[in-house]
Amino acid sequence: MMDWEELQETCMRCTQCGLCETRHNVVFGVGNKNTRIMFVGEGPGEQEDLQGEPFVGRAGQLLDDMLSIIDLSRKTNCYIANIVKCRPPQNRDPMETEQDACIGYLMNQIALIKPKIIVCLGRIAAMRLIREDYRITREHGQWVEKDGVWMTAIYHPSALLRDVSKRPETFEDLLSIREKLGQLGDC
Ligand code: URA
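Quantities reported herein were computed from a predicted structural model and do not represent experimental measurements.

Further remarks concern the site of the ligand. As a structural note, the neighbourhood of the ligand is formed by Gly41, Glu42, Gly43, Glu48, Pro54, Phe55, Asn82 and His156. In this structure, an oxygen atom belonging to the ligand sits 3.0 Å away from a main-chain N or O atom of Phe55. Contacts to the ligand include His156, whose side-chain N or O atom sits 2.9 Å from an oxygen atom. Compared with its free state, where it exposes 240 Å², the ligand has 93% of that area covered by protein. Of the residues in the shell around the ligand, the class split is two nonpolar, four polar and two charged.

Shown next, in the form of structure tokens:
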């Protein structure tokens, strides 16, 4: 396992998959590393690639609004990362091979942060971190404990931009996340 400095340096010069050829920036992650809760998206979009920070486009604005509902923010008390750290061209889903090449970095981030809760943003992250055959429509908001970490998934903010009818369910899921954080206390 690498420490933060070595991990970040290694990511910055990573050439383990083809995404390194088209990236402008590696999008490492953002937030408080001393947190109990992590949010994991699928991979950087255009704005994230240009700015080097996760969730800074339109979906990112919505994510920040969602976090603020449950008293979380990237500036103070949570950490945000992605399954892959470089932008898949044309915003396609990251391929399995690209995920395989990158997932070790996320696992190292998780090992360093030791969160109590991981929230997957969307099906790609849920299929990678919770279960290969995860069904986001059916299972969002449900909790599973894996290796001592409470895990759930909510709809990806981009899906909530496309389909506002999913927002009330997501509001309920957010409240459930706040409740879980409360239950886990300061441990
Ligand atoms: N979508 C993601 O999954 N991650 C980002 O960082 C931005 C958009």
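So, on to the pattern of salt bridges. Any two side chains of opposite charge can pair, on the condition that their charged atoms come close. Scanning the model with the defined rule gives nine salt bridges in all. When the shortest N-O distance is used, the salt bridge between Arg123 and Asp93 registers 3.8 Å. Residue Arg123 is found in helix α5 (residues 123–129), and its partner Asp93 is found in the loop between β3 (79–82) and α4 (96–113); the two are separated by 30 residues along the sequence. Take Arg123: its relative accessible area is 40%, and that puts it in the partly exposed class. Assessed through its relative accessible area of 40%, Asp93 is described here as partly exposed. Note that Glu139 is salt-bridged to Arg131, the shortest N-O span being 2.9 Å. The exposure class of Glu139 is buried, given its relative accessible area of 13%. Each of Glu53, Asp64 and Arg74 takes part in salt bridges that share partners, so that together they form one network.

Let us now look at the side chain of His140. Residue position: His140 is located in the loop between α6 (136–139) and β5 (144–146). Given a relative accessible area of 12%, His140 falls into the buried group. Here the side chain of His140 touches Asp173 through a polar contact of 2.6 Å, side chain to side chain. Other than its neighbours up to four places away in sequence, His140 contacts Tyr134, Arg135, Ala153, Ile154, Tyr155, Glu169 and Asp173.

Basis of the calculations
- Residues numbered from 1 in each chain as written.
- Predicted model: local features only at pLDDT ≥ 70, side-chain atom pairs only at ≥ 80, totals over all residues.
- Heavy atoms only, no water.
- Near = heavy atom within 4 Å.
- Polar contact = N/O pair within 3.5 Å; in protein donor to acceptor, adjacent residues only side chain to side chain.
- Areas by Shrake-Rupley, 256 points an atom, 1.4 Å probe, with all protein chains shown as cover.
- Nonpolar A, V, L, I, M, F, W, Y, C, P; charged D, E, K, R; others polar.
- Salt bridge = Lys/Arg side-chain N within 4 Å of Asp/Glu carboxyl O.
- Helix = DSSP H or I, 4+ residues; strand = E, 2+ residues; numbered from the N terminus.
- Buried < 20%, exposed > 50% of the residue type's maximum accessible area, 1.4 Å probe, protein only.
- Contact = heavy atoms within 4.5 Å.

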